[in-house]
Amino acid sequence: MLDVCLLGTSGMMPLPRRALTALMTRFNGSSLLIDCGEGTQITIRAKGWSLHDVDIMCITHVHGDHVGGIPGLLLSMANSEREDPLLIVGPKGVKKVVDSLRIIAPGLPFDIHYRELGEDFETIEGPGYTIEAFRLRHTVTCYGYSQIIKRAGKFDPDRAKKLDIPLPAWSKLQKGETVEMDGRTFTPDMVLGSERKGLKVTYCTDTRPIPSIAEHAKGADIFICEGMYGEEGNEEKAKEKKHMTFDEAAMLARDAEVSELWLTHYSPSLIRPKDHVERVRSIFPNTFAGKDRKTKTLTFEDEDTQE
């Protein structure tokens with residue numbers, strides 16, 4: 001199962017009850033963090049989750065409200081006796097920015113590895129999942145991210161028995177591994193059915209709506225998308241600032257045929273985002289106003305899903 005927590009929902013600046021936009025997910029003991037604005041670690045602690053297990057940090061772009069919390073987070077990781085390396089993914093230049101921020105967080109007991117993105121679309125392999133990075137359209141180079149957990153076909157023990165596959169090989173074949181045993185080679189396709197529906201979460205913020213967003217968010221279980229402006233009449237401001245309105249986010253969710261849309265990255269002037277959601281549900285019914293620490297546990301379709 002995949003735990004998804006929208007840590008903060010504020011754009012540009014934090015507010016007393018609205019932290020800067022960030023997302024954290026947990027899968028099989030590994031955590032993924034997307035964006036790390038000022039105070040992100042405080043929200044993680046308020047949620048009761050651990051900083052220690054963050055293996056990958058993805059940065060959408062290097063504006064201050066998305067990276068300002070990195071040095072404090074790194075210091076807290078160091079104080080938790082972390083030794084495993086951390087991978088930071090982001091647009092070209094993210095290493096220079098993080099290295100500069102690390103002037104106040106030197107001497108970490110773990111290594112930081114970087115993956116700087118330069119193409120319109122790239123994939124990164126995580127522990128048990130794949131991250132897809134896709135270019136957005138903002139005032140600076142910016143990327144959206146999808147976390148995808150694939151699910152192999154169902155293991156067929158009757159087929160394994162008919163093929164006289166030794167029992168010790170079954171667990172490895174279930175994991176998709178090829179096994180050589182007793183002078184024979186066994187491959188997963190010998191005992192696995194068709195690939196089953198996995199899990200997908202897409203995160204997209206600080207951008208104008210472009211068709212490629214819907215393409216990359218296609219079929220997502222949760223589509224987390226910026227809605228800087230909720231009130232009607234802000235279309236021109238959104239175009240000028242290279243951001244989105246609630247209506248534009250809902251249109252992308254509709255086109256992508258996602259299961260649900262969580263709005264985030266609100267303008268500080270947007271006091272009650274929830275007041276504007278009902279209107280955009282005429283575009284995409286399963287739209288929700290994201291709020292700090294909004295959480296959902298996603299499970300595979302033949303299992304129960306929890307809120």
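Before any of the text, the structure's been laid out above.
Rules used in this analysis
- Residues numbered from 1 in each chain as written.
- Predicted model: local features only at pLDDT ≥ 70, side-chain atom pairs only at ≥ 80, totals over all residues.
- Heavy atoms only, no water.
- Helix = DSSP H or I, 4+ residues; strand = E, 2+ residues; numbered from the N terminus.
- Buried < 20%, exposed > 50% of the residue type's maximum accessible area, 1.4 Å probe, protein only.
- Contact = heavy atoms within 4.5 Å.
- Pairing = 2+ DSSP bridges.
- Axes fitted to C-alpha atoms, helices over the stretch in contact; angles between N-to-C directions.

Okay, the environment of arginine 45 next. Counting through the fold element by element, arginine 45 comes out in helix α1 (residues 40-47). Taking the relative accessible area as the measure of exposure, arginine 45 reaches 52% and is therefore exposed. As a C-alpha pair, arginine 45 and histidine 216 span 171 residues in sequence and 31 Å in three-dimensional space. Among residues more than four places away in sequence, those in contact with arginine 45 are Leu51 and Ser76.

This paragraph deals with the sheet that holds strand β8 (residues 129-135). What the seven strands build is an open sheet, ordered β7-β8-β9-β12-β13-β14-β15; its pairing is mixed. Unpaired on one side and paired on the other, β7 (121-126) and β15 (287-289) mark the two borders of the sheet. If you compare each strand with its neighbour and ignore which way they point, the axes differ by 20° on average. With three bridges joining them, strand β14 (residues 261-264) and β15 adopt parallel strand pairing. Bridge pairing links leucine 261 to threonine 287 in β15.

A word on the environment of proline 268. Tracing the sequence through the fold places proline 268 in the loop between β14 and α10 (277-280). In this structure proline 268 comes out as buried when scored by relative accessible area, which is 18%. Separated by 253 residues in the primary sequence, proline 268 and leucine 15 have C-alpha atoms spaced 7.4 Å apart. Setting aside residues no more than four positions away along its own chain, proline 268 makes contact with Gly11, Met12, Met13, Leu15 and Arg18.

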